[in-house]
Amino acid sequence: MTAVGADQRQQMAYVATQAADARLNVEVETEGMTLNIGPQHPATHGTLRLVARLDGEQVVEAEPIMGYMHRGYEKLAEVRTYPQVTTLINRIDWLGSFANEVPFILAAEKLMEVEAPPRAQWIRTALFELSRIANITLFLGDMAVQLGALTPVFMAFRDREFVLNQIEAVTGGRFHPNFDRIGGLKDDLPQGWINDTKQAMEKIRDFCDEFEELVLGNEIFEARSRGIGIVPPEVGLSYGLSGANIRASGVDWDLRRDGHEALAYDQVDWKVWTHPDGDSFARYWVRLQETREATHIVDQLLDGLPSGPIMAKVPRIIKVPAGEAYAATENPLGEMGYYIVSKGDLVPFRVKIRSASFSNISITPWLLKGVYVPDIITILASLYFILGDIDR
Amino acid sequence: MGLVASGKAPKPLTKLLNLGRKYSIWMYQWGLACCAIEMGAVIGSPRYDVMRLGVIPFPASPRQADLVVISGTVTDKMVPSILRLYQQMPDPKYVISMGSCANCGGPYWDSYSVTKGVDQIIPVDVYVPGCPPRPEALLEGIVLLQERIMNEDPAARWRGDPIVVD
Amino acid sequence: MTQLSSTDTDATTDAGAQADELREAWAARLADALGDGYVEHHIIPGGDLWVRVTRDSWTDAATAARDQLGCQFFDWLSAIDWLPSPYGRDMDAQEDNPQPKAADPMEQGHAGGQTRFQMVVRLYSITEHMGVTIKADLPKDDLSIDTLIQVYAGADWHEREAWEMFGIHFNSHPDLRHIYLPGEFEGNPLRKDFPLLARRVKPWPGIVDVELFPGEEGP
């Protein structure tokens, strides 16, 4: 037996490890397992069911199964008059209800060729942003709770109430305002509302600052969300991802700035936030910045609120002239649009609802391939969907 | 439980048992739609705080739950899951139907895919109206249920008689 | 109200005119790319662009929109059933609709059409901030069209939805299954001849269920 050189020893050790690895691979080779999450699971906020085929800890294939909340909006809208439809569509994205009404009303206004007076447009925009805050604050708490931090969700529920109170003070509804009318708004603002809202916005800004430290500054949160669920911009666009999900992939596109709808966003000074990373962390970060930006938009809108009527001249019984129109706005979850086909009747002939979550979540089969089981939760939470917005 | 089952339990003892059951309700959340968020506010928000009523909102599974709150729109596709949930709960079990959709179909009364009321499939003890009900309304529903439990004859439920409450 | 001054208004009309020119240009480029497959287009000034193509050039139209017009963003895909239904209320109970209006003749919307079912897809360019709505007629006896999955991955679920709601078959779609409704559901809900049975048997609750104001006498 001759002495073995250092090089050779290293080589032998390498071969031995390889062999051990190969043996281990043979020994622990597992059969595929099917993991069913939902239809009622806290991580799916509502009733999304996810069937994932696993190989060990890795997802081979994942498929969301929805329809547990399908209520048939598009059919129901065909048998309801235009004002009745607004009542219904409040309940699509139930966290930011007012934002659902606006694109529908805008599409109907396009067909009727009326435009809301400036004051109505400004108040509309302010309420739109308030419902964005009411929506996204819950996301900020909810994603943290899904990554194991329980406290943020309590704080989100606490501070969300300030905004809900303001929405309720104007519209009478905490959740479902049904306040938007074709040609304007139902009522003007109540007395003292502007000051109260500004105070509430102050609180929301504090909330954002707190979350920036508490959640984004948290090591565990960062470790679990950085680099998880990366969406390349071109893939995201071809799947129809919109809103903060696509802005977190570095696409500088926001319908509030780039859309042509009659809202007052071009009258205030604000900024579209993007993030180049495209991972779960970026999506959380963008939404947090957007919430803070929304408070600034509301403040500026309330400062410059024009006076005047809040309702344009529209007939008492609304008949929308024949035609087709599509209007879309940047809702809290992404692009929401309504394609209305009218035949000149009291009821719409066909309403196609383009809801953001449906497209946002359609990327999951692609995105969940090859990720680890705990990351499923991170990715689903960070894509942020509302079941009513998926299933309609 | 032989005494309770036979219905021969003395009244003070029944009261005592009911008092115990009343203030230790394990509540399972079956959040389906908008109402789920208001239910979340009841559970998660410090402003409403359901635990002060002696309700514990976090059972690990329906098999440990006394009460289930069906909050939101029940669709035909969801019905089998709800039936299974109800069958898994141990007796005595209670159901609160929260919101118009779970009560009767609500704004989707004419929809092709919505079940017009969860009471078509499982018995409901308390209906909470509203679309969605305010968190306070759900709290009142829970208080009503507690009153009902307090005045209940446990033996009746044991025998499977129709439940009559004084 | 100083912000809404007249100079601003002029600027917006200029932008509107430019946008309309761009719409014209888009329509012309699609017509070039598709040749015979292109049928017609419709532009609402300051509004939107509709293009109708034949069924065979459906995928070509989407590819051309993506590659030549820069419409990278897949907005949505659906269908329209143009079967006339009087006031949309032919499915109502007797009490609600005592004198049903006769059905109008079938009449298609912008960019025309000949058949009852029409496919609609909306594509959007995030650089030009402008969208295009492409339509295609489906013959009555063969409700099928090519899938767009190869062009836009996001078309998958939208096509499943259209299949379920209208019964339109998508050629070479890998996975046409129910997306919303339980597997045993029969019928295609968004077709105009699909009745909402609850409305037939029950009048509109708002008619029977009138709530009186305090102090008001009942009927």
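Residues numbered from 1 in each chain as written. Chains lettered and ligands numbered in written order. Predicted model: local features only at pLDDT ≥ 70, side-chain atom pairs only at ≥ 80, totals over all residues. Heavy atoms only, no water.

Q: What is the right way to look at the overall build of chain B in this model?
A: Tallying secondary structure elements over chain B gives seven helices and five strands in all. For chain B, the N- to C-terminal ordering of α and β elements is α-α-β-α-β-β-α-β-α-β-α-α. Within chain B, the proportion of its 166 residues that are buried is 57%. A fraction of 75% describes how many contacts in chain B between residues 6 or more apart in sequence connect residues 24 or more apart. For chain B, the exposed surface amounts to about 7,000 Å²; the carbon and sulfur share of it is 59%. (Helix = DSSP H or I, 4+ residues; strand = E, 2+ residues; numbered from the N terminus. Buried < 20%, exposed > 50% of the residue type's maximum accessible area, 1.4 Å probe, protein only. Contact = heavy atoms within 4.5 Å. Areas by Shrake-Rupley, 256 points an atom, 1.4 Å probe, with all protein chains shown as cover.)

Q: Looking at this model, I keep getting lost on the environment of R80(A). Mind explaining?
A: By the element assignment, R80(A) lies in the loop between α2 (73–76) and α3 (82–89). The class of R80(A) is buried, set by a relative accessible area of 3%. When the C-alpha atoms of R80(A) and L346(A) are compared, they prove to be 8.1 Å apart, with 266 residues separating the residues in sequence. A polar atom in the side chain of R80(A) sits 2.9 Å from the backbone oxygen of P107(B). (Polar contact = N/O pair within 3.5 Å; in protein donor to acceptor, adjacent residues only side chain to side chain.)

Q: What am I meant to see in the sheet that holds strand β2 (residues 55–56) of chain B here?
A: Within a sheet, neighbouring strands are paired by backbone hydrogen bonds and run either parallel or antiparallel to one another. Residue and element names in this part refer to chain B. An order of β2-β1-β3-β4-β5 is seen for the five strands of this open sheet, with the pairing classed as parallel. The open sheet has two edge strands with one neighbour each: β2 and β5 (126–128). Bridge count for strand β1 (residues 25–31) against β2 is two bridges, and the pairing is parallel. Bridge pairing in β2 places W26 opposite I56. Against the sheet, helix α4 (residues 79–88) engages β1, β3 (67–71) and β4 (94–98), with an angle of about 170° to β1. Each of β1, β2, β3, β4 and β5 touches helix α6 (residues 135–150); the most contacted strand, β4, lies at about 155° to it. (Pairing = 2+ DSSP bridges. Axes fitted to C-alpha atoms, helices over the stretch in contact; angles between N-to-C directions.)

Q: So what exactly am I meant to see when it comes to the state of the cysteines here?
A: Two cysteines whose sulfur atoms are joined by a covalent bond form what is called a disulfide. All names here are of chain B. Counted according to the given criterion, the structure contains zero disulfides over all chains. With no disulfide of its own, C34 lies 5.9 Å from the sulfur of C35, the closest cysteine sulfur. Classification of C34 by relative accessible area gives buried; the value is 8%. Left without a disulfide partner, C101 is nearest to the cysteine sulfur of C131, which lies 5.4 Å away. The buried category is assigned to C101, whose relative accessible area is 9%. (Disulfide = S-S within 2.5 Å.)

Q: Hey, could you run me through the interface of chain C and chain B in this one?
A: Note on interface size: it is often stated as the accessible area lost on association of the parts. Contacts between chain C and chain B engage 15 residues on the former and five residues on the latter. Roughly 890 Å² is buried in total at the junction of chain C and chain B, and carbon and sulfur atoms are behind 72% of that figure. Considering only the surface of chain C that becomes buried against chain B, P182(C), L196(C) and A198(C) emerge as the three largest contributors, covering 35% of it. Counting across the interface, chain C meets chain B through zero salt bridges. Across the chain C-chain B interface, the total number found is one residue pair in polar contact (both at pLDDT 80 or more). Here the side of chain C that touches chain B is composed, by residue class, of 13 nonpolar, no polar and two charged. (Buried area = accessible area lost by both parts, 1.4 Å probe. Salt bridge = Lys/Arg side-chain N within 4 Å of Asp/Glu carboxyl O. Nonpolar A, V, L, I, M, F, W, Y, C, P; charged D, E, K, R; others polar.)

Q: Any chance you could explain the interface of chain A and chain C here in plain terms?
A: Facing 51 residues of chain A, the contacting portion of chain C comprises 53 residues. For the pairing of chain A and chain C, the buried interface totals around 4,500 Å² over both sides, and the portion due to carbon and sulfur atoms is 59%. Contact with chain C buries surface across chain A, with K75(A), E324(A) and F349(A) losing the most and accounting together for 15% of the total. The interface formed by chain A and chain C includes seven salt bridges. A salt bridge links R177(C) to E63(A), with the nearest nitrogen and oxygen atoms 2.3 Å apart. Between chain A and chain C we count 19 residue pairs in polar contact (both at pLDDT 80 or more) in total. Here the side of chain A that touches chain C is composed, by residue class, of 23 nonpolar, 12 polar and 16 charged.

Q: I would appreciate a short explanation of a nonpolar patch on the surface in the present structure.
A: Residues and elements named next belong to chain B. Together, L13, L16, L17, L19 and Y23 make up a nonpolar patch on the protein surface, roughly 450 Å² of accessible area in all. Among the secondary structure elements, L17 is positioned in helix α2 (residues 11–22). The exposure class assigned to L17 is partly exposed, which follows from its relative accessible area of 34%. (Patch = residues over 30% accessible without salt bridge, like charges linked within 9 Å, V, L, I, M, F, W, Y side chains within 5 Å.)

Q: What exactly am I supposed to notice about unusual backbone geometry here?
A: Glycine aside, a negative phi is what most residues show, and trans is what most peptide bonds show. Residue P132(B) is reached from C131(B) by a cis peptide bond, and omega for that bond is -10°. Considering the arrangement of structural elements, one finds P132(B) in the loop between β5 and α6. Phi is positive for S172(C), close to 55°, though the residue is something other than glycine. On the accessibility criterion, S172(C) (59% relative accessible area) is exposed.

Q: How do you make sense of the side chain of D391(A) when you look at a structure like this?
A: In this fold, D391(A) is placed in helix α16 (residues 387–391). In this structure, D391(A) is buried with no salt-bridge partner, the nearest side chain bearing the opposite charge being R71(A) at 7.1 Å. (Lys, Arg positive; Asp, Glu negative; His and termini not counted.)

Q: Just checking my understanding: could you explain the nonpolar core for this structure?
A: One recurring pattern in soluble globular proteins: nonpolar side chains tend to sit buried together. If you look at the biggest cluster of nonpolar residues, it comprises 240 residues, and the most contacted ones within it are I70(B) and W58(C). Broken down by element, this core gets its largest block of residues, 15 residues, from helix α5 (residues 118–146) of chain A. Those residues within four positions of I70(B) in sequence are excluded, and the remaining contacts are W30(B), L32(B), I82(B), L85(B), V95(B), I96(B), S97(B), M98(B), A102(B), V118(B) and I122(B). (Core = buried A, V, L, I, M, F, W, Y, C linked by side-chain atoms within 4.5 Å.)

Q: It is not clear to me how the sheet that holds strand β8 (residues 350–354) of chain A should be interpreted in this structure. Could you clarify?
A: Residue and element names in this part refer to chain A. On the basis of which strands lie adjacent, the open sheet formed by three strands has the order β6-β7-β8 and antiparallel pairing. Among the strands making up the open sheet, the edge pair consists of β6 (323–331) and β8. Averaged over all adjacent pairs, the angle separating strand axes in this sheet is 10°, with direction ignored. Two strands pair when backbone bridges link them, and strand β7 (residues 334–342) and β8 are joined in this way by five bridges, in the antiparallel orientation. The partner of G337 across the bridge, within β8, is R354.

Q: Would you explain the packing of aromatic side chains in this entry?
A: Any aromatic ring pair is given by two values, namely how distant the centres are and how the planes are angled relative to each other. All names here are of chain A. Summed over the entire model, instances satisfying the criterion amount to 26 aromatic pairs over all chains. A centroid spacing of 5.7 Å and a plane angle of 75° characterise the contact between W273 and W285, whose relative ring orientation is edge-to-face. Placement of the pair is W273 in the loop between α11 (255–258) and α12 (280–303) and W285 in helix α12, with a sequence separation of 12 residues. Between the NZ or CZ atom of K271 and the centre of the ring of W273, over which it lies, the distance is 4.5 Å. Sitting above the plane of the F349 ring, K343 keeps its charged end 4.3 Å from the centroid. (Phe/Tyr/Trp six-rings, centres within 6.5 Å; stacked < 30°, edge-to-face > 60°. Lys NZ or Arg CZ within 6 Å of the ring centre and 35° of its normal.)

Q: I would appreciate a short explanation of the pattern of salt bridges in the present structure.
A: Side-chain pairing between opposite charges can occur once the charged atoms of the two side chains come close. Tallying each qualifying case throughout the model produces 47 salt bridges over all chains. With a closest N to O distance of 3.8 Å, E63(A) and R160(C) form a salt bridge. Pair noted here: E63(A) is in strand β3 (residues 58–65) and R160(C) is in helix α3 (residues 155–166), and the two residues belong to different chains. Accessibility expressed as a relative area gives 5% for R160(C), which makes it buried.

Q: Would you mind going over the pairing of β6(A) with me for this structure?
A: In summary, the side chains of a regular strand alternate between the two faces of the sheet. All names here are of chain A. Burial within β6 is extensive, with nine of its nine residues counted as buried. Burial along β6 is two-sided: G323, A325, A327, T329 and N331 and E324, Y326, A328 and E330, pointing in opposite directions, are all buried. Note that β6 and β7 share nine bridges and pair antiparallel. Within β7, the residue paired with G323 across the bridge is S342. Counted between consecutive antiparallel strands, the loop separating β6 from β7 contains two residues.

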